[in-house]
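Now for the letters of each chain:
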Amino acid sequence: MAHILVLFAHPAFEKSRIHARLINHIKHVQGVTFHDLYEAYPDFDINVKREQYLLTLHDIIIWQHPFYWYNAPALVKQWLDLVLEHGWAYGAKGRALAGKKVFNAISTGGTQAAYSKTGRNRFTITELLAPFDQTAHLCHMTYMPPFVVQGTHKLQTADIELHGLQYAQLLTALAHDRISFDEWKNVTYLNELVPIPQPIQS
């Protein structure tokens with residue numbers, strides 16, 4: 001079984017509709033460790049050694065966060081700057097994360113159409129996440145497609161619940177090595193590998 005570390009960052013979690021439900025569905029998935037960065041480090045004083053130790057214990061790392069201004073919340077940047085040290089995560093002798101998988105699990109107010117060449121945001125989600133992809137590459141990790149919940153402003157509670165179930169099913173499949181390289185390499189979003197559950201018709 002693969003061990004999954006969810007590095008969660010939301011500076012206004014008390015206002016969250018989407019991530020609160022996603023987390024509710026994954027907290028009890030076997031093999032998943034949930035780590036709330038803003039709860040652990042409200043003053044941004046990151047315990048680097050603790051974070052590095054957590055990373056070594058897991059096979060799959062997830063950066064879960066709302067997509068703020070085409071990027072992650074500030075604490076994620078702080079985490080990247082401090083935790084992924086030269087000589088540990090990258091560089092001639094930095095191989096601590098080699099072979100691990102990593103991806104982003106994000107939410108966006110805009111729809112998938114808005115994140116396209118012809119959409120209002122002009123770039124795709126994949127293009128905007130390129131810095132994370134390159135960070136993973138530099139650290140000898142395998143960067144996977146993201147899990148994305150889009151058009152969040154228009155989602156109803158029932159829709160959000162279905163996305164939560166989908167996310168839990170994805171993490172369960174990853175933990176049990178049920179998704180092959182060939183499968184995830186050919187999708188834009190990991191969502192495509194786990195069809196969203198259909199509501200039960202009464």
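Predicted, not measured: the structure shown is a model, and the values here were computed from it. (Residues numbered from 1 in each chain as written. Predicted model: local features only at pLDDT ≥ 70, side-chain atom pairs only at ≥ 80, totals over all residues. Heavy atoms only, no water.)

1. Describing unusual backbone geometry
Here Trp69, not a glycine, exhibits a phi torsion of approximately 45 degrees, which is positive. Secondary-structure assignment places Trp69 in the loop between strand E3 (60-66) and helix H4 (74-83). Judged by relative accessible area, which is 78%, Trp69 ranks as exposed. With phi around 65 degrees, Tyr70 is a residue other than glycine that occupies positive phi space. Overall, the relative accessible area of 35% leaves Tyr70 in the partly exposed class. (Helix = DSSP H or I, 4+ residues; strand = E, 2+ residues; numbered from the N terminus. Buried < 20%, exposed > 50% of the residue type's maximum accessible area, 1.4 Å probe, protein only.)

2. Side note on the pattern of salt bridges
Applying the stated criterion to the full structure yields three salt bridges. For Asp81, the salt bridge goes to Lys77, with nearest N and O atoms at 2.8 Å. Residue Asp81 and its partner Lys77 are both found in helix H4; the two are separated by four residues, about one turn of the helix. (Salt bridge = Lys/Arg side-chain N within 4 Å of Asp/Glu carboxyl O.)

3. Topic: the packing of aromatic side chains
Within the structure shown, the criterion is met by nine aromatic pairs. For the ring pair Tyr70 and Tyr115, a centre distance of 6.4 Å and an interplane angle of 70 degrees mean the geometry is edge-to-face. In this pair, Tyr70 is assigned in the loop between E3 and H4 and Tyr115 in the loop between strand E4 (101-107) and helix H5 (125-128), connecting sequence segments 45 residues apart. Aromatic side chains Phe147 and Tyr167 sit 4.8 Å apart centroid to centroid with 25 degrees between the ring planes, which places their arrangement in the stacked category. Within this pair, whereas Phe147 is found in strand E6 (residues 147-149), its partner Tyr167 is found in helix H7 (residues 157-175), the two being separated by 20 residues in sequence. Accessibility expressed as a relative area gives 1% for Phe147, which makes it buried. (Phe/Tyr/Trp six-rings, centres within 6.5 Å; stacked < 30°, edge-to-face > 60°.)

4. Here we look at the packing of helix H1 (residues 18-26) against H7
Contact geometry of H1 with H7 gives a least axis separation of 8 Å together with a crossing angle of 40 degrees. The angle between the axes of H1 and H7 places the two elements in the oblique class. The interaxial crossing formed by H1 with H7 has right-handed handedness. Every residue of H7 that contacts H1 at Ile18, Arg21, Leu22, His25 and Ile26 is listed here: Ile160, Glu161, His163, Gly164, Leu165, Tyr167, Ala168 and Leu171. Looking at the contact of H1 with H7, its residues break down into eight nonpolar, three polar and two charged. (Axes fitted to C-alpha atoms, helices over the stretch in contact; angles between N-to-C directions. Parallel < 35°, antiparallel > 145°, perpendicular 65-115°, else oblique. Left-handed = near helix turned anticlockwise from the far one by under 90°. Contact = heavy atoms within 4.5 Å. Nonpolar A, V, L, I, M, F, W, Y, C, P; charged D, E, K, R; others polar.)

5. Description of the pairing of strand E1 (residues 4-8)
Walk down a regular strand and you will see the side chains alternate between the two sheet faces. Most of E1 sits inside the fold, with five of its five residues counted as buried. A two-sided burial pattern is seen for E1, the buried positions comprising Ile4, Val6 and Phe8 on one face and Leu5 and Leu7 on the other. Taken together, E1, H1 and strand E2 (residues 32-36) constitute a β-α-β crossover, and its handedness is right-handed. (Right-handed = clockwise from strand over helix to strand, strands pointing away.)

6. So, the nonpolar core
Counting residues in hydrophobic clusters, the biggest one holds 36 residues, and the most contacted among them are Leu55, Trp79 and Leu84. Where this core is concerned, the elements lending two or more residues are E1, helix H2 (37-40), helix H3 (48-56), E3, H4, E4, H5 and helix H6 (130-138). The element contributing the most residues to this core is H4, with five residues. Non-local contacts of Leu55, meaning those with residues more than four positions away in its chain, are made with Leu5, Leu7, Ile61, Trp79, Val83, Leu84, Trp88, Leu97 and Lys100. Ranked by size, the runner-up nonpolar core spans 28 residues in total, among them Leu22, Ile60, Phe103 and Ile179. (Core = buried A, V, L, I, M, F, W, Y, C linked by side-chain atoms within 4.5 Å.)

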